[in-house]
Amino acid sequence: MNFYRLKDDVEYHNRWYLGDIQGADNWDLLTIRPEVNKVLKVEIYKDGDEMDFTLTEVYGVPIVSDRIEKILKGISNIIFIPLLIKNKICKNQYFVMVI
(Lines give C-alpha, C1' and ligand atoms only; values in the text may rest on other atoms or scores of the structure.)
Protein backbone atom coordinates (compact mmCIF):
# COMPACT_ATOMS: atom_id res chain seq x y z
CA MET A 1 0.00 0.00 0.00
CA ASN A 2 1.25 3.46 -0.87
CA PHE A 3 0.89 6.45 1.42
CA TYR A 4 0.99 10.07 0.36
CA ARG A 5 1.10 13.30 2.29
CA LEU A 6 -0.48 16.49 1.02
CA LYS A 7 0.91 19.66 2.54
CA ASP A 8 -0.62 23.11 2.62
CA ASP A 9 1.81 25.64 1.09
CA VAL A 10 1.66 28.34 3.76
CA GLU A 11 4.60 30.15 2.10
CA TYR A 12 2.62 30.80 -1.10
CA HIS A 13 2.42 34.56 -1.64
CA ASN A 14 -1.06 36.12 -1.51
CA ARG A 15 -2.81 32.83 -0.68
CA TRP A 16 -6.21 32.58 0.93
CA TYR A 17 -6.97 31.18 4.36
CA LEU A 18 -10.30 29.51 5.05
CA GLY A 19 -12.21 29.52 8.34
CA ASP A 20 -14.49 26.93 9.92
CA ILE A 21 -16.86 24.91 7.76
CA GLN A 22 -20.51 25.70 8.40
CA GLY A 23 -23.18 23.00 8.25
CA ALA A 24 -21.10 20.18 9.75
CA ASP A 25 -19.01 19.51 12.83
CA ASN A 26 -15.43 20.27 11.74
CA TRP A 27 -13.98 17.65 14.08
CA ASP A 28 -16.31 15.00 12.63
CA LEU A 29 -14.99 15.81 9.13
CA LEU A 30 -11.56 14.71 10.37
CA THR A 31 -12.48 11.73 12.49
CA ILE A 32 -15.52 9.98 10.99
CA ARG A 33 -17.36 9.70 7.68
CA PRO A 34 -20.24 12.11 8.33
CA GLU A 35 -23.60 11.84 6.61
CA VAL A 36 -23.94 15.18 4.84
CA ASN A 37 -26.87 15.75 2.51
CA LYS A 38 -26.27 19.40 1.71
CA VAL A 39 -23.61 21.69 0.32
CA LEU A 40 -21.35 22.90 3.10
CA LYS A 41 -20.13 26.50 3.34
CA VAL A 42 -16.90 28.09 4.48
CA GLU A 43 -16.01 31.71 5.06
CA ILE A 44 -12.75 33.24 4.00
CA TYR A 45 -10.55 33.97 7.01
CA LYS A 46 -8.10 35.97 4.86
CA ASP A 47 -8.79 36.61 1.18
CA GLY A 48 -6.21 35.88 -1.47
CA ASP A 49 -5.50 33.54 -4.37
CA GLU A 50 -7.47 30.30 -4.63
CA MET A 51 -5.52 27.17 -3.71
CA ASP A 52 -5.95 23.67 -5.17
CA PHE A 53 -5.25 22.24 -1.72
CA THR A 54 -5.54 23.98 1.62
CA LEU A 55 -6.43 23.26 5.23
CA THR A 56 -8.94 25.22 7.28
CA GLU A 57 -7.48 27.45 9.96
CA VAL A 58 -8.66 25.85 13.19
CA TYR A 59 -9.16 22.12 12.63
CA GLY A 60 -7.08 21.65 9.48
CA VAL A 61 -9.91 20.15 7.42
CA PRO A 62 -8.61 19.41 3.89
CA ILE A 63 -10.20 21.49 1.12
CA VAL A 64 -9.49 20.61 -2.52
CA SER A 65 -10.37 22.07 -5.90
CA ASP A 66 -12.20 20.12 -8.58
CA ARG A 67 -8.83 19.42 -10.24
CA ILE A 68 -7.55 17.54 -7.19
CA GLU A 69 -10.93 15.86 -6.69
CA LYS A 70 -10.79 14.45 -10.24
CA ILE A 71 -7.27 13.06 -9.66
CA LEU A 72 -8.11 11.41 -6.31
CA LYS A 73 -11.73 10.43 -6.97
CA GLY A 74 -11.05 6.75 -7.72
CA ILE A 75 -9.14 6.10 -4.50
CA SER A 76 -11.17 4.07 -2.01
CA ASN A 77 -11.98 5.49 1.42
CA ILE A 78 -11.90 9.12 0.26
CA ILE A 79 -15.14 11.02 -0.11
CA PHE A 80 -15.67 14.55 -1.40
CA ILE A 81 -18.40 16.84 -0.09
CA PRO A 82 -19.28 19.91 -2.20
CA LEU A 83 -18.22 23.17 -0.55
CA LEU A 84 -19.32 26.74 -1.23
CA ILE A 85 -16.79 29.49 -0.55
CA LYS A 86 -18.86 32.33 0.93
CA ASN A 87 -18.52 35.89 -0.38
CA LYS A 88 -16.14 35.00 -3.21
CA ILE A 89 -16.63 34.17 -6.86
CA CYS A 90 -14.29 31.24 -7.48
CA LYS A 91 -12.86 29.92 -10.73
CA ASN A 92 -13.05 26.34 -9.42
CA GLN A 93 -15.51 24.16 -7.53
CA TYR A 94 -14.29 23.12 -4.06
CA PHE A 95 -14.79 20.07 -1.88
CA VAL A 96 -14.16 18.94 1.65
CA MET A 97 -11.94 15.86 1.40
CA VAL A 98 -12.84 13.27 4.04
CA ILE A 99 -10.38 10.41 4.48
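Residues numbered from 1 in each chain as written. Predicted model: local features only at pLDDT ≥ 70, side-chain atom pairs only at ≥ 80, totals over all residues. Heavy atoms only, no water.

Details of the confidence of the model for the chain
Link 1 in the chain: In this model, the chain carries an average pLDDT of 91, and 99% of its residues clear a pLDDT of 70 or more.
Link 2 in the chain: Strand E4 (residues 62-65) holds the highest mean pLDDT among the elements of the chain, 97, whereas helix H1 (residues 26-31) holds the lowest, 90. (pLDDT = per-residue confidence, 0-100. Helix = DSSP H or I, 4+ residues; strand = E, 2+ residues; numbered from the N terminus.)

Details of the pairing of strand E5 (residues 79-85)
Link 1 in the chain: Of the pairings in the sheet, the one linking strand E2 (residues 40-46) to E5 comprises three bridges and is parallel in character. Residue valine 42 lies in a different strand from E5, and its bridge partner there is isoleucine 85.
Link 2 in the chain: Relative to strand E6 (residues 94-98), E5 is paired through five bridges, and the arrangement is antiparallel. Each bridged residue has a counterpart across the sheet, and for proline 82 the counterpart in E6 is phenylalanine 95. (Pairing = 2+ DSSP bridges.)

Topic: the nonpolar core
Link 1 in the chain: Among the nonpolar cores identified, the biggest contains 15 residues, and Ile21, Leu29, Leu40, Ile63, Leu83, Ile85 and Val96 are the most heavily contacted of them.
Link 2 in the chain: Once residues lying within four places of it in the same chain are set aside, the contact partners of leucine 29 are Ile21, Ala24, Pro34, Leu40, Val61, Ile81, Val96 and Val98.
Link 3 in the chain: In terms of nonpolar packing, the next biggest core, distinct from the first, is built from seven residues, Leu72, Phe80, Phe95 and Met97 among them. (Core = buried A, V, L, I, M, F, W, Y, C linked by side-chain atoms within 4.5 Å. Buried < 20%, exposed > 50% of the residue type's maximum accessible area, 1.4 Å probe, protein only. Contact = heavy atoms within 4.5 Å.)

Some words on the pattern of salt bridges
Link 1 in the chain: Counted according to the given criterion, the structure contains five salt bridges.
Link 2 in the chain: Of the charged contacts in the structure, one is a salt bridge between lysine 86 and glutamate 43, with a shortest N-O distance of 3.4 Å. With lysine 86 in the loop between E5 and E6 and glutamate 43 in strand E2, this pair connects stretches of sequence that are 43 residues apart.
Link 3 in the chain: Look at lysine 86 and you get partly exposed, because its relative accessible area is 24%.
Link 4 in the chain: Among the salt bridges present, the one from glutamate 69 reaches lysine 73, with a minimum N-O distance of 3.6 Å.
Link 5 in the chain: Assessed through its relative accessible area of 8%, glutamate 69 is described here as buried. (Salt bridge = Lys/Arg side-chain N within 4 Å of Asp/Glu carboxyl O.)

Some thoughts on the sheet that holds E6
Link 1 in the chain: Read across the open sheet, the six strands follow the order E1-E2-E5-E6-E4-E3; overall the sheet is mixed. The outermost strands of the open sheet, each flanked by one partner alone, are strand E1 (17-22) and strand E3 (53-55). Ignoring which end each strand starts from, the neighbouring axes of this sheet average 40° apart. (Axes fitted to C-alpha atoms, helices over the stretch in contact; angles between N-to-C directions.)

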